[in-house]
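If you want the building blocks of each chain, they are given just below.
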Amino acid sequence: MGKNITRKIIERHLKSGSMEPGAEIGLEIDQTLTQDATGTMAYLQFEAIGLDRVKTELSVSYVDHNTLQMGFRNPDDHRYLRTVAQRYGVIFSPPGTGICHQLHLENFARPGRTLIGSDSHTPTAGGIGSLAMGAGGLSVALAMAGEPYAISMPKVVKVNLTGKLTGWAAAKDVILHLLGKLTVKGGVGKVFEYAGPGVESLSVPERACITNMGAELGATTSIFPSDERTRDFLSKMGREDDWEELLPDADAEYDKVIDIDLSALEPLVAQPHMPDLVVPVRELAGLKIDQCAIGSCTNSSYSDLKTTALVLDGKRIPASTDVLISPGSKQVVKMLAAENLIEPMLDAGARMLECTCGPCIGMGGSPVSAGVSVRTFNRNFEGRSGTQDAQIYLASAETAARLALEGQFTDPATWGERPERIELPDEVPSIRHLFVFPPENGDGVEILRGPNIVPLEKFDKLPVTIEAQVALKVGDNITTDHILPAGPQITALRSNIPAISEHIFGRVDEEFVGRIRGMDQGVVLGGENYGQGSSREHAALAPRHLGVRAVVVKSLARIHRANLVNFGILPLLLVNPEDYDAVAQGDGLTIPASEITPGGTVTMRTGSGKSVEVTNDLTANELEIIKSGGLLNAVRSRQS
Ligand code: MIC
Ligand code: SF4
């Protein structure tokens with residue numbers, strides 16, 4: 001049987017398990033990345049494992065999410081990250097150098113390698129042919145300790161690209177098109193592997209835009225082949241030696257095929273408040289726009305921003321539209337500066353921000369009340385921008401720049417010629433000297449911690465029977481932004497679980513924390529696709545700190561499910577989805593935890609005597625972890 005590239009990489013890295021879709025496999029991990037908002041916890045956990053040095057081929061710690069440094073917490077975290085990286089052999093990327101995924105693509109990602117990152121958009125590196133997956137911080141800590149990363153063997157979907165992008169259609173429209181078709185849970189358990197004659201028409205940054213936002217499909221990851229265009233990109237980045245060819249066999253088999261004719265795509269936009277509510281831009285003509293934000297790990301490459309500059313050149317943005325631009329890396333800024341492309345953006349009235357996530361995670365740049373904001377980002381969940389009633393639309397850089405000039409949605413048919421599609425210049429300036437490389441031996445490095453960095457707590461084992469109350473009942477598609485909001489104030493508490501726990505579900509129900517504190521143990525009842533979105537393990541760790549012992553839902557998102565397991569929370573699935581209606585917030589629940597077996601069914605009883613059947617999709621290993629009170633306990637007991 002001919003092999004696809006996903007299978008080829010998995011086969012090379014397989015440590016345990018069989019490659020049958022759905023079976024648990026253990027993968028050797030070559031590279032890891034962390035970012036500041038999830039990184040402090042990941043390195044505290046790595047320290048708790050007790051090794052002297054990371055065991056990976058390459059590990060990088062980026063600081064890009066919270067660089068506002070309002071008060072001591074943030075800078076304390078950054079200093080901890082710098083010193084802990086030096087101590088254990090991790091490369092450190094200082095605040096402002098760039099967004100982790102953009103920097104990793106430019107500087108470190110390699111075709112054929114495995115990468116896990118404590119950020120859900122780690123699949124960006126799939127654009128260069130890495131098998132790159134988002135994970136919780138603890139999973140990344142264990143990978144740095146040389147442990148295999150456990151996932152369920154994904155199905156592989158071939159996305160067969162034909163034709164070529166035309167007019168104002170961009171790579172972003174490829175992934176928006178897929179999201180509109182498949183929805184935010186359409187990718188669960190799958191890898192999207194791009195293939196077909198249309199692949200070669202896309203540059204590596206365009207491919208990376210597509211694999212980046214594959215995260216919004218709920219996919220395990222997305223990947224492109226490594227071909228001559230990949231080689232060209234790596235050689236321009238001064239890394240031709242990192243190239244290897246990685247193509248599917250001519251007779252490669254896939255679990256499913258989806259065809260996309262690139263020539264037929266038009267500019268698309270995702271409407272509030274989900275990335276899958278996709279419509280053509282033309283359908284919104286006439287809607288006034290208060291803000292445009294261009295950047296984020298999806299669309300902050302040199303080609304995105306050069307296109308933006310060319311669209312804005314010589315024009316003036318209306319004063320009623322605020323335009324913010326955050327480049328993906330200092331390398332991008334240097335290239336734009338070298339070609340005098342910053343001036344047209346400034347002259348048009350746009351604001352240049354630091355090379356960070358910025359408005360994407362609500363770090364400033366919040367829209368006006370009920371404001372319409374067109375963003376080149378990947379998520380438009382309600383409230384994520386920092387303005388609860390803002391209306392966030394997601395589009396490509398060219399669409400956002402063009403709409404910024406109009407101050408309202410217009411039909412792309414009226415936009416005239418688009419600027420030429422941008423290729424990297426032959427000479428790309430390096431910023432490699434800005435990374436802090438670790439010494440050969442970090443023994444003498446002192447790790448500096450501020451008062452915001454609170455040591456990890458030890459969790460108890462799963463009780464034989466969970467006697468709990470339903471602390472909260474929520475609906476479908478609950479995101480980790482609902483569970484733990486982002487923004488500068490709350491993200492500054494990522495290294496302090498007791499403090500950040502005060503904000504759990506704060507945006508959904510302000511009473512939640514007070515209520516669960518009054519209970520011995522709590523359960524969260526949810527609908528479909530519970531925990532979609534970010535990889536922040538705090539969305540499992542902090543609820544566990546507050547006493548959540550189980551979530552009972554219709555279905556779960558992959559990374560959040562893994563985080564629940566890592567912190568000893570039972571992820572239970574309703575056997576009959578209609579039982580969701582039979583259980584109310586505040587109901588007592590008795591769960592016979594010790595009777596739970598992998599894939600088995602048990603009966604929960606409610607306070608009013610109703611029986612509700614729940615099952616699970618846990619492996620024996622995962623169940624063992626939960627019973628031990630979480631992965632760190634399980635690893636400690638395996639080591640003793
Ligand atoms: C996000 O885009 O939601 C984030 C912020 O990058 C998160 C990580 C985090 O919450 O720290 C993610 O995508 O994993
Ligand atoms: Fe940063 Fe936004 Fe990308 Fe998350 S999605 S890594 S917040 S730019």
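Nothing here was measured: the structure is a model prediction, and the numbers come from that model.

Rules used throughout
- Counting of residues starts from 1 at the beginning of each chain's written sequence and follows it residue by residue.
- Chain A is the first chain written and ligand 1 is the first ligand written, with later ones labelled in order.
- The predicted nature of this model means local features are confined to residues of pLDDT at least 70 and side-chain atom pairs, given and counted, to a pLDDT of 80 or more, with totals for whole chains, interfaces and linings taken over all residues.
- Hydrogen atoms and water are omitted, and side-chain values are computed over all heavy atoms in the structure.
- The helix count covers DSSP runs of H or I at least four residues long, the strand count covers runs of E at least two residues long, and both are numbered beginning at the N terminus.
- Throughout this description, buried means an accessible area under 20% of the type-specific maximum (1.4 Å probe, protein chains only), exposed means over 50%, and partly exposed covers the range between.
- Paired strands, in this sense, are two strands between which DSSP finds at least two bridges.
- Orientation is described by axes fitted as lines to C-alpha atoms, over the contacting stretch for helices, and by angles from 0 to 180 degrees between their N-to-C directions.
- Buried Ala, Val, Leu, Ile, Met, Phe, Trp, Tyr and Cys residues form a nonpolar core when they are joined through side-chain atoms within 4.5 Å.
- Only heavy atoms enter the contact rule, under which two residues are in contact if any of them lie within 4.5 Å.
- By convention in these notes, a residue is near a molecule or strand provided one of its non-hydrogen atoms lies within 4 Å of it.
- Under the rule applied, a polar contact is a pair of N or O atoms within 3.5 Å (in protein, one hydrogen donor and one hydrogen acceptor; residues adjacent in sequence only if both atoms are side-chain atoms).
- Lys, Arg, Asp and Glu make up the charged group, whereas Ala, Val, Leu, Ile, Met, Phe, Trp, Tyr, Cys and Pro make up the nonpolar group; the residues left over, Gly among them, are polar.
- Any Lys or Arg side-chain nitrogen located within 4 Å of an Asp or Glu carboxyl oxygen qualifies as a salt bridge.
- Throughout this description, any angle smaller than 35 degrees is read as roughly parallel, any larger than 145 degrees as roughly antiparallel, any in the 65 to 115 degree range as roughly perpendicular, and the remainder as oblique.
- In this scheme the handedness of a crossing depends on how the near helix is turned from the far one: anticlockwise by less than a right angle means left-handed, clockwise means right-handed.
- Classification remark: right-handed applies to a crossover when, strands pointing away from the viewer, the course from the first strand over the helix to the second runs clockwise.

Cis peptide bonds are those with omega within 30 degrees of zero, and the linkage from P272 to H273 qualifies with -5 degrees. Topologically, H273 is positioned in the loop between β13 (268-270) and β14 (278-280). The phi angle at Q69 is positive, at roughly 50 degrees, despite the residue not being glycine. Along the chain, Q69 turns up in the loop between β4 (58-62) and α3 (73-88). A relative accessible area of 40% places Q69 in the partly exposed class. For F505, which is not glycine, the phi dihedral falls at a positive 55 degrees. By the element assignment, F505 lies in the loop between α15 (497-501) and α16 (512-517).

What follows concerns the sheet that holds strand β1 (residues 14-16). Here we have 3 strands laid out as an open sheet, ordered β1-β2-β8, and antiparallel in their pairing. Of all the strands in the sheet, the pair left with one neighbour each is β1 and β8 (149-152). Each neighbouring strand pair of the sheet contributes to a mean axis angle of 45 degrees, computed without reference to strand direction. Across 2 bridges, the pairing between β1 and strand β2 (residues 24-27) is antiparallel. Its bridge partner lying in β2, S16 is registered against G26.

The next thing to look at is the sheet that holds strand β3 (residues 31-35). Within the open sheet, the 5 strands sit side by side as β5-β4-β3-β6-β7. Their pairing is parallel. With partners counted over all chains shown, the strands left at the sheet margins are β5 (91-93) and β7 (131-134), one partner each. Each neighbouring strand pair of the sheet contributes to a mean axis angle of 15 degrees, computed without reference to strand direction. With 3 bridges joining them, β4 and β5 adopt parallel strand pairing. Within β5, the position partnered with V60 by the bridge is I91.

Okay, the nonpolar core next. In this structure, F512, Y530, V551 and L570 are the most contacted members of the largest nonpolar core, which totals 102 residues. Broken down by element, the residue count for this core peaks at 6 residues, all from helix α5 (residues 137-144). The contact partners of Y530, leaving out residues within four places of it in the chain, are V474, I478, I483, F505, V524, V551, V553, S555, L556, A557 and H560. Counting 61 residues, the second-largest nonpolar core is a separate cluster that includes F108, V332, Y393 and A404.

For the rest of this paragraph, the subject is the site of ligand 1. Near ligand 1 you find 14 residues, and of these H65, D119, S120, S535 and R536 are the closest. Within the side chain of D119, one N or O atom sits 2.7 Å away from an oxygen atom of ligand 1. S534 is positioned such that a nitrogen or oxygen atom in its side chain is 3.5 Å from an oxygen atom of ligand 1. Residues belonging to the shell around ligand 1 are distributed by class as follows: 2 nonpolar, 7 polar and 5 charged.

Here the focus is the pattern of salt bridges. In the structure shown here, the tally under the stated rule is 31 salt bridges. Between R449 and E47 there is a salt bridge, and its shortest N-O distance comes to 2.7 Å. Remark: E47 occurs in helix α2 (residues 36-49) and R449 occurs in the loop between α12 (397-406) and β20 (466-473); sequence separation between them is 402 residues. Residue class for E47 comes out buried when judged on its relative accessible area of 18%. A network of salt bridges, in which partner residues are shared, links R12, E57, R113 and E244.

Further remarks concern helix α17 (residues 538-546). Within α17, 8 of the 9 residues are buried, leaving the element largely enclosed by the surrounding structure. Along α17, the residues classified as buried are H538, A539, A540, L541, A542, P543, R544 and L546. Residues of α17 that are buried make contact with α2, α13 (480-483), α15, α16, β22 (548-553) and α18 (558-566). Within two residues after α17, G547 carries a phi angle of roughly 110 degrees, on the positive side.

We now examine the packing of helix α6 (residues 171-182) against helix α7 (residues 204-213). One can describe the packing of α6 onto α7 by two numbers: an axis separation of 8 Å at closest approach and a directional angle of 25 degrees. Overall, the two elements α6 and α7 adopt an arrangement that is roughly parallel. Seen from above, α6 lies across α7 with right-handed handedness. The residues of α7 that touch α6, namely those facing A171, K172, V174, I175, L176 and L179, are E206, C209, I210 and M213. Looking at the contact of α6 with α7, its residues break down into 8 nonpolar, no polar and 2 charged.

Before going further, it helps to spend a moment on the pairing of β3. Within β3, 5 of the 5 residues are buried, which leaves it mostly tucked inside the rest of the structure. What you see with β3 is no split at all: Q31, L33 and Q35 on one side and T32 and T34 on the other are buried throughout. The pairing of β3 with β4 spans 5 bridges and is classified as parallel. When the sheet's bridge partners are listed, T34 is paired in β4 with S61. What joins β3 to β4 is α2, and the crossover it makes is right-handed. The pairing of β3 with strand β6 (residues 114-117) spans 3 bridges and is classified as parallel. Looking across to β6, one finds that L33 is bridged to G117.

On to the pairing of β8. Of the two faces of β8, the one holding Y149 and I151 is buried and the one holding A150 and S152 is not buried anywhere. With 4 bridges joining them, β2 and β8 adopt antiparallel strand pairing. What sits directly across from E24, in β8, is S152.

Where α7 meets helix α8 (residues 228-236), the axes come as close as 9 Å, and the angle between the chain directions of the two elements is 105 degrees. In terms of axis orientation, α7 runs roughly perpendicular to α8. Together, V204, P205 and R207 of α7 and R229, T230 and F233 of α8 make up the contact between the two elements. Considered class by class, the residues forming the contact of α7 with α8 number 3 nonpolar, 1 polar and 2 charged.

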